[in-house]
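Breakdown of the fold
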Amino acid sequence: MASSSYDLIVIGSGPGGYVCAIRAAQLGMKVACVEKRDTLGGTCLNVGCIPSKAMLSTSEKYHEAEASFESLGIKTGGVNLDLPTMMKYKDSVVEANTKGIEFLFKKNKIDWLKGAGKIVAKGQVDVAGKTYDTKNIVIATGSDVAGLPGIEIDEKKIVSSTGALELKEVPKEMVVIGGGVIGLELGSVWSRLGANVTVVEFVDQILPGMDGEIRKEAGKIFKKQGLNFKLSTKVTSAKAGKSGVNLTLEAAAGGDEEKMKADIVLVAVGRKAYTDSLGLDTVGVETDERGRVKTDAHFKTNVDGIYAIGDVIAGPMLAHKAEDEGVVLAEMLDGQSGHIDYNLIPGVVYTWPEVANVGQTEEQLKEAGIAYKAGKFPFMANGRARAMNMVDGFVKILADAKTDRVLGCHIIGPEAGTLIAEVVLGMEFGTSAEDIARTCHAHPTLEEVVKEAALAVDGREIHM
Ligand code: FAD
Ligand code: NAD
């Protein structure tokens, strides 16, 4: 027997689920959100975006104080790391954020159904032995770590991102498998705190999928910072023992084996959609070849009244993508229309310097046969970047050769994640490079590098 009924039950309280629940409640729906973790906020708030950014921020400050304060005329009398306090700070940031969602649920009268949710029939969800009736169900169960065959993640010596955010001491030697976003962010954290970090990447460049020039520049800068890279290489085995982890590496194309030893190994080779024990088979919800829930452009699955959003469906595994899908879906359930331009979802890697992108890469434009012009400007030639002692990197703007419409922007440099927002907004409104170039940018700011890159599309940058 059903014990309660809702307009909407959202399963999963990550950025996709909690945002969808809040927007639906704002629109007057009676909403519940099922979450099996002890806290709300999903991967992002508990073991993803938020704790990793706290560690990136504190390790950045530590490293700056240690490595560059003296050259700026600041004498500290020695900088020491207190890792337990740094971890406590990170935990307090997570707690404040997850409690914040609890507050927002109360404010919006959203019921948190505690426990694992299972869809038992169309319009029926079981949670902790009770069945709840609902008009609509949204699957927002997110993603989980993708492992490597034969490599057992024990979260002590061989860790995923979750374990890498909980290390009790700084490892002497750390091997990171995967030169993607997580590998570089968390590899940077532990490198700044004193570990000798080696990133093993299967393909011939880090950050696959990003603009080629950015990938090359990123590799150069991170190498200069002390990260070691083994590109075109795969790890064929990793075994944890008493004294650390023994690894075997091999060239991606095959060849001689190489042995390595590390105190900690971080496996960061991607994430996979999470639908365990959700009851998809019971109601016949289809998944694709990668286990992601199949939806149409309106987030509908093949079963009436069941929708899905976020990491559990196709598309980039990003919190803001999940959030936007949550809002649009709630509004569609309210009878409104909406859409997401997936070409305009920015990506940011929160290393130092940051890497940010939106739209198409040069490689994609070439492949599609689209004639384009590229404008590039280095932070080195910007007064503010020099004043901040942060001169690595550049902004690159790609514009249609005929119409000048901006087709992509790729940044590596200080505050890249903030600078990209101007271009994303511009692209939403169909901006040309000329529009950005003619817009007044305050001086002295890092934003002037974006303006100069826009001028450079037409070969008329001022400060180069
Ligand atoms: P999730 O956040 O994964 O939430 C799903 C929730 O559903 C979980 O809490 C889970 O417990 C719950 N759940 C699953 N099954 C059930 C069930 N049957 N019943 C009840 N509850 C269930 N993205 C960014 O945009 N920026 C970043 O800086 C960033 N940093 C990251 C750093 C790390 C280390 C990691 C791992 C990820 C990072 N991401 C980042 C990715 C981001 O976390 C995800 O894209 C985002 O969390 C996806 O949101 P979601 O709502 O789809 O799912
Ligand atoms: P990723 O897809 O970014 O990178 C995985 C890397 O591992 C790739 O470079 C891939 O070539 C490499 N790889 C795969 N198999 C390998 C093997 N056997 N040996 C060596 N290298 C191998 O995945 P991730 O870094 O694990 O991140 C997972 C997801 O989380 C991403 O989709 C990302 O969008 C999201 N995330 C986002 C942020 C952010 O937005 N700042 C931060 C962290 C995570």
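About the criteria used
- Residues take numbers from 1 onward in each chain, read along the sequence in its written order.
- Each chain gets a letter, beginning with A, and each ligand a number, beginning with 1, in the order they are written.
- Predicted model: local features are reported for residues with pLDDT of at least 70 only, side-chain atom pairs are reported and counted for 80 or more only, and whole-chain, interface and lining totals are derived from all residues.
- As a rule here, side-chain values cover all heavy atoms of the structure and leave hydrogens and water aside.
- Aromatic rings from Phe, Tyr and Trp, taking only the six-membered ring of Trp, are treated as a pair when their centres fall within 6.5 Å; an angle between ring planes under 30 degrees marks them as stacked, one over 60 as edge-to-face, and anything in between as tilted.
- Whether a charge sits over a ring depends on NZ of Lys or CZ of Arg being within 6 Å of the ring centre and within 35 degrees of the ring normal.
- Put simply, a residue is near a molecule or strand once any heavy atom of it comes within 4 Å of that molecule or strand.
- Accessible areas in this description were obtained via Shrake-Rupley with a 1.4 Å probe; residue shielding takes into account the shown protein chains only.
- Each helix is a run of DSSP H or I of at least 4 residues and each strand a run of E of at least 2, with the numbering of both proceeding from the N terminus.
- We call Asp, Glu, Lys and Arg charged. Ala, Val, Leu, Ile, Met, Phe, Trp, Tyr, Cys and Pro are nonpolar, and the rest, Gly among them, are polar.
- Think of a polar contact as two N or O atoms within 3.5 Å of one another; within protein, one of them needs to be a possible hydrogen donor and the other a possible acceptor, and neighboring residues in sequence only count if both atoms come from side chains.
- In this analysis, the expected span of each helix is defined as 1.5 Å times one less than the number of residues it contains.
- When checking whether two residues touch, look at their non-hydrogen atoms; a contact exists if any pair is within 4.5 Å.

Let us now look at the packing of aromatic side chains. For any two aromatic rings, the description comes down to two numbers: the centre-to-centre distance and the angle of the planes. In total, this model carries one aromatic pair according to the counting rule given. When the ring centre of Trp-112 is taken as origin, the NZ or CZ atom of Lys-114, which lies over that ring, is 4.4 Å away. We note Lys-376 situated over the ring of Phe-394; from NZ or CZ to the ring centre the distance is 4.5 Å.

This brings us to the site of ligand 2. Near ligand 2 lie 22 residues; those nearest to it are Ile-182, Glu-185, Glu-201, Gly-270 and Val-348. Considered on its own, ligand 2 offers 840 Å² of accessible surface; in the complex 77% of this is hidden by protein. With three residues, the top contributor of residues to the shell around ligand 2 is helix α6 (residues 181–192). Of the residues belonging to the shell around ligand 2, the class tally is 13 nonpolar, five polar and four charged.

As a structural note, the neighbourhood of ligand 1 is formed by 39 residues, with Glu-35, Thr-43, Lys-53, Gly-117 and Ala-319 the closest of them. Take Thr-43: an N or O atom from its side chain is 2.6 Å from an oxygen atom of ligand 1. In this structure, Leu-318 approaches ligand 1 through a main-chain N or O atom, which is 3.2 Å from an oxygen atom. In isolation ligand 1 offers 1000 Å² of accessible surface; the protein chains occlude 94% of this area. Counting residues per element, the ones that place at least two in the shell around ligand 1 are α1 (15–26), β2 (31–35), α2 (42–47), α3 (49–67) and α9 (319–333). Per-element accounting of the shell around ligand 1 gives the leading share, four residues, to α2. Its residues assigned to classes, the shell around ligand 1 comprises 16 nonpolar, 17 polar and six charged.

Turning next to helix α4 (residues 83–107). Between its first and last C-alpha atoms α4 spans 36 Å; for 25 residues at 1.5 Å apiece the expected length is 36 Å, and the two agree. Its buried side turned inward, α4 meets α1, β2, α2, α3, β3 (111–114) and α6. Just downstream of α4 lies Lys-109, where phi reads positive at about 55 degrees.

Read these as geometric descriptors, not functional statements.
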